[in-house]
Each structure stands twice: as structure tokens, then as C-alpha cells.
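If you want the building blocks of each chain, they are given just below.
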Amino acid sequence: MNRTRFAPSPTGLLHLGHAHAARVAVARARRDGGRCLLRFEDIDHTRCRDEFYAACEEDLDWLGLRWDGDPLRQLDRATAHRAALERLRGLGVLYPCFCTRREINEEVARMARAPHGPEGPLYPGTCRQLDPAERRARLASGAEPAWRLDAGRAAARCGALSFRDEVHGGIAVEPGLLGDVVLARKDIGTSYHLAVVVDDADQGITHVTRGEDLLPSTHVHRLLQVLLGYPEPVYLHHGLVTDTAGRRLAKRDDSVAVRHLRDSGMSPAEVLALLPGLPPSCQ
Ligand code: GLU
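Quantities reported herein were computed from a predicted structural model and do not represent experimental measurements. (Residues numbered from 1 in each chain as written. Predicted model: local features only at pLDDT ≥ 70, side-chain atom pairs only at ≥ 80, totals over all residues. Heavy atoms only, no water.)

### Things to note about the overall build of the protein
For the protein, the count of helices and strands is 10 helices and 12 strands. Its C-alpha radius of gyration of 20 Å places the protein within 12% of the 19 Å reference for a compact globule of 283 residues. Projecting the C-alpha coordinates of the protein onto the three principal axes gives extents of approximately 65 × 35 × 35 Å. Within the protein, buried positions represent 49% of all 283 residues. The contacts of the protein with a sequence gap of at least 6 include a subset with a gap of at least 24, amounting to 80%. Element-wise, carbon and sulfur atoms account for 49% of the exposed surface of the protein, whose accessible area totals about 13,700 Å². Computed over 38 positive and 38 negative side-chain charges, the inter-centroid distance for the protein is 4 Å. (Helix = DSSP H or I, 4+ residues; strand = E, 2+ residues; numbered from the N terminus. Rg over C-alpha atoms; globule rule 2.2 N^0.38 Å. Buried < 20%, exposed > 50% of the residue type's maximum accessible area, 1.4 Å probe, protein only. Contact = heavy atoms within 4.5 Å. Areas by Shrake-Rupley, 256 points an atom, 1.4 Å probe, with all protein chains shown as cover. Lys, Arg positive; Asp, Glu negative; His and termini not counted. Charge placed at Lys NZ, Arg CZ, Asp CG, Glu CD.)

Structure representation (C-alpha cells):
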């Protein structure tokens, strides 16, 4: 049976962009008689607030966007995230990174041709080249590192990969598109990329629907799925909701919060009518 999920971070009120993402996830599941799960992506717990979990559920309910089963909180999944990290470490595709953000920026500024990705400069690989003895000494000194994916090694292990997207078609994986991403942050021991891949697999998600701003991330996620022996989901990266000037909605723009539209007297149908149409595979 098909399974999708809506995976918001409870860092603010649900806005029209979230409502569109939720509607796509629900519609894609229902079209084939499948299930849509709700998952709170709250690993960055310092940015999440208790009231936003409940507000999200209430707003989805008010819009008539129903999910199946109990919502999952990623914060409760730390053991699974750690276990996956250990497996990747065992495969030799991770390395510890001791760089601070400032050191990375300085290194990028020093380089004549720093590698760039879709969202700006990539990690220049400083700690990948660290001498093994130096690496051991730093780890032994108790310095808490971040753990990065060695994209080159991961690609060599996986060979050529691709994914299928119901909006964008077949896409060949570019393993280095986002560089050596962080899979475990120093402060929280996990990351968006690791948690999303582990949880999608454990929740049996067959169709990953999400905004097209996350399309570059899928290149990393396919690598992780293969390394961890997970099944390959189908993807659907939908267009983003923009404001009247064509700009992507800011997360903290309360004027487009579902709750405020509701308080202004709009009905659920009127709010849903503000959203873009559904992609063909959801109809
Ligand atoms: N938590 C992400 C967001 O709120 C969505 C992640 C995903 O769907 O993979 O944008």
C-alpha cells in the first residue's frame, strides 16, 4: 500500500506553503487508497516550541487534511538515527569534522576556486584531508566533531544511481551536488539528511512528497538509502507557494498563517482555494 508523509518542523505556525505540502501528501496517498502519516521534524529541538505541535494538528484538522495513526516525533528516534550513523561509519564513508563555521568561511574565502552547490559554497573538504594520526589525536582529546559523508567514497561504493520524480521525471544522482554534507551535527548528533532517510525507511514511506526546494537533497538521500540497504521511494517534488511578488513564503510571515486566515473569518474551502493546483499524479 502507498504511504506518504507530511513532515513539518514545529518551529512556527502552519502557513500556506505547509498547507499545500500537506494537501499534496494527503491527495497522493488517497488517490491510491494509501495512508498519509504526520511526522514532526523536531531534531533541532531548541527551535521547536510545544504549542506549535498542537497548532499544526488543529490547523490540518480544520482544513480537513487528515493523517493516519499517531504523529511521529523525530526527537524520539535518536536511537535509530545513531544506529544508522554507526553503520555508515562502519562502511568507511564518514569522517569527523572539527571545523567551526568561521573556519569554513575563512577557508572558502582563501580558495581560488571553492566548490559551489545550488545554495552557495560547499564544504571545502578540510577535515577529509586530515592526517589520520592528527584525526586520532583530536578524537582522543575529546573534541566533539560533526560527522560528514565522504561523497566521493559513497559514490564509489554505490555506482551510478538515479531517482524517479512524478513531476520532474527520471533524474541521475550527482553524488557531489551538496558536497560532503553533515550527517551528525556536533550539537544534536543527527541531521536533517540522516533523520529523514532513516525515518522514511522505518515508516515504510513509498512516496516522498515535498517542496522542490528539497530536490538537491534527494541526491544525498539516494546515496544514503543505498548505503543503508533501504528501498527506493518514488519522489514528487512540488512547486512552492509564492507571494504576489513571486517570492517564496517566509516561514515567519504570519499574514499567511492558516490560523490567521481562519481568525479573519475565512472558511477552510476559501483557504484551500488560495493554494496552487495539485500535480497530475495526485488527482
Ligand atoms: N521538514 C521539512 C520542512 O519542513 C520537510 C522535509 C521533507 O519533507 O523531507 O520543510
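### Remarks on the site of the ligand
Taken together, Arg5, Ala7, Pro8, Ser9, Glu41, Tyr192, Val196, Arg210 and Leu214 make up all the residues around the ligand. A distance of 2.8 Å is found between an oxygen atom of the ligand and a side-chain nitrogen or oxygen belonging to arginine 5. The separation between a nitrogen atom of the ligand and a polar main-chain atom of alanine 7 is 2.7 Å. In the complex, the protein chains occlude 81% of the 300 Å² of accessible area that the ligand would expose alone. (Near = heavy atom within 4 Å. Polar contact = N/O pair within 3.5 Å; in protein donor to acceptor, adjacent residues only side chain to side chain.)

### Topic: the pattern of salt bridges
Taken as a whole and judged by the stated rule, the model has 25 salt bridges. Across the pair arginine 77 and aspartate 199 runs a salt bridge whose closest N-O atoms are separated by 2.6 Å. Residue arginine 77 is found in the loop between strand E3 (72-73) and helix H3 (78-90), and its partner aspartate 199 is found in helix H7 (residues 192-202); the two are separated by 122 residues along the sequence. Exposure class is identical for arginine 77 and aspartate 199. Each is buried. One network of salt bridges, in which partners are shared, links Arg5, Arg39, Glu41 and Asp200. (Salt bridge = Lys/Arg side-chain N within 4 Å of Asp/Glu carboxyl O.)

Honestly, that's just the spatial picture; any functional story needs more than this.
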